[in-house]
Amino acid sequence: MAEQRGAPWEFVVPPCEVFGSVVFEVGGVRVGIAGPGRLAATVRHRPGGFTVAFRGDLDSAAEPMARALLWACLNECASALVVDLTGVFVDVRGFTALHLLWRAGRERCVRVALAGCSHVLDRMATILTPQGIPRFRTVGVAWQAVTDFESTAPPSAAIGG
């Protein structure tokens, strides 16, 4: 069960255990997920959308849980969704879920951005989707870019320097 914390829209989805299940609510929508893997998520409501901060491994074992959580958040977003991947290992299945999220966001006019990408993840994104998935160093910079529709911040401003 998701644990309520702090602000009204902040909650933590505990790590999935092997064959465990996770139940959480996003915008009044109750979502249940069962599966293997070790991934925890904190979801914070922001004006116009959500920040989803993962901890652990976004790998093939946790990808179904992560995808369900991200799509539930995307469905409730008005304009923006930022995924914080600081310190998270992301394999190719996890990256595919993030890429599909970005594409689904574009179709729904929701700006999706990644924050805190490792150099490996940034390189993977640059090679596989050179024109896609905006990436930023911090959640704050990402939110500034996705909410300022005239922003000139380069998508990978997070990574260089």
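These remarks concern the structure in this document. Keep in mind that this is a model prediction, so the values were computed, not measured.

### Quick notes on the overall build of the chain
Across its full length, the chain carries four helices and ten strands. Residue burial in the chain is summarised as follows: out of 161 residues, 48% are buried. Taking all contacts inside the chain whose residues are at least 6 apart in sequence as the whole, residues at least 24 apart take part in 57%. Carbon and sulfur atoms form 56% of the exposed surface of the chain, whose accessible area is close to 7800 Å².

### Quick notes on the environment of Gly87
Within the secondary structure, Gly87 sits in the loop between β7 (80-84) and β8 (89-90). Separated by 32 residues in sequence, Gly87 and Arg55 place their C-alpha atoms 7.0 Å apart.

### Let's talk about helix α4 (residues 139-147)
Considered for burial, the residues of α4 that qualify are Val139, Ala142, Trp143, Ala145 and Val146. In a view along the axis of α4, the buried residues occupy a sector of 165°, so they form one face of it. Turning to α4, the residues buried within the fold contact β5 (39-46), β6 (49-58), β7, β9 (111-115) and β10 (135-136).

### Describing the packing of helix α1 (residues 63-76) against helix α2 (residues 92-107)
Relative orientation and spacing of two packed helices are given, respectively, by the angle between their axes and the distance between those axes. Taken N-terminus to C-terminus, the directions of α1 and α2 make an angle of 15°; their axes are 10 Å apart at the nearest point. Between α1 and α2, the interaxial angle falls into the category roughly parallel. Considering only the axes of α1 and α2, their crossing is right-handed. Of the residues in α2, those touching α1 at Glu63, Pro64, Arg67, Leu70, Trp71 and Leu74 are Arg93, Gly94, Ala97, Leu98, Leu100, Leu101, Ala104 and Gly105. A breakdown of the residues in the contact of α1 with α2 according to their chemical character gives nine nonpolar, two polar and three charged.

### Overview of the nonpolar core
If you look at the biggest cluster of nonpolar residues, it comprises 34 residues, and the most contacted ones within it are Val52, Phe54, Leu81 and Leu85. Only β5, β6, α1, β7, α2, β9 and α3 (119-128) provide two or more residues apiece to this core. Top element by residues in this core is α1. It accounts for seven residues. Once residues lying within four places of it in the same chain are set aside, the contact partners of Phe54 are Leu39, Ala40, Ala41, Ala66, Leu69, Leu70, Val83, Asp84, Leu85, Thr86 and Val88. Membership of the second largest hydrophobic core comes to ten residues, among which are Ala113, Phe136, Ala142 and Trp143.

### Some details on the pairing of β9
Among the five residues that make up β9, four are buried, leaving the element largely enclosed by the rest of the structure. Here five bridges tie β7 to β9, and the two strands are oriented parallel to one another. Bridge assignment links Leu81 to a residue of β9, and that residue is Val112. Here β9 pairs with β10 via two bridges, running parallel. Residue pairing across strands places Ala115 opposite Phe136, the latter belonging to β10.

### Looking at the pattern of salt bridges
Across all of its chains, the model carries three salt bridges by this definition. Across the salt bridge formed by Arg135 and Asp122, the nearest N and O atoms sit 2.5 Å from each other. Placement of Arg135 in strand β10 and of Asp122 in helix α3 is noted, with a sequence separation of 13 residues between them. For Asp122, a relative accessible area of 11% translates into the label buried. Three or more residues are tied together by salt bridges with common partners; here these are Glu63, Arg67 and Arg93.

### Things to note about unusual backbone geometry
Positive phi values are uncommon outside glycine, yet Cys109 reaches one of about 60°. Positionally, Cys109 belongs in the loop between α2 and β9.

Calculation rules
- Residues numbered from 1 in each chain as written.
- Predicted model: local features only at pLDDT ≥ 70, side-chain atom pairs only at ≥ 80, totals over all residues.
- Heavy atoms only, no water.
- Helix = DSSP H or I, 4+ residues; strand = E, 2+ residues; numbered from the N terminus.
- Buried < 20%, exposed > 50% of the residue type's maximum accessible area, 1.4 Å probe, protein only.
- Contact = heavy atoms within 4.5 Å.
- Areas by Shrake-Rupley, 256 points an atom, 1.4 Å probe, with all protein chains shown as cover.
- Arc of directions from axis to C-beta.
- Axes fitted to C-alpha atoms, helices over the stretch in contact; angles between N-to-C directions.
- Parallel < 35°, antiparallel > 145°, perpendicular 65-115°, else oblique.
- Left-handed = near helix turned anticlockwise from the far one by under 90°.
- Nonpolar A, V, L, I, M, F, W, Y, C, P; charged D, E, K, R; others polar.
- Core = buried A, V, L, I, M, F, W, Y, C linked by side-chain atoms within 4.5 Å.
- Pairing = 2+ DSSP bridges.
- Salt bridge = Lys/Arg side-chain N within 4 Å of Asp/Glu carboxyl O.

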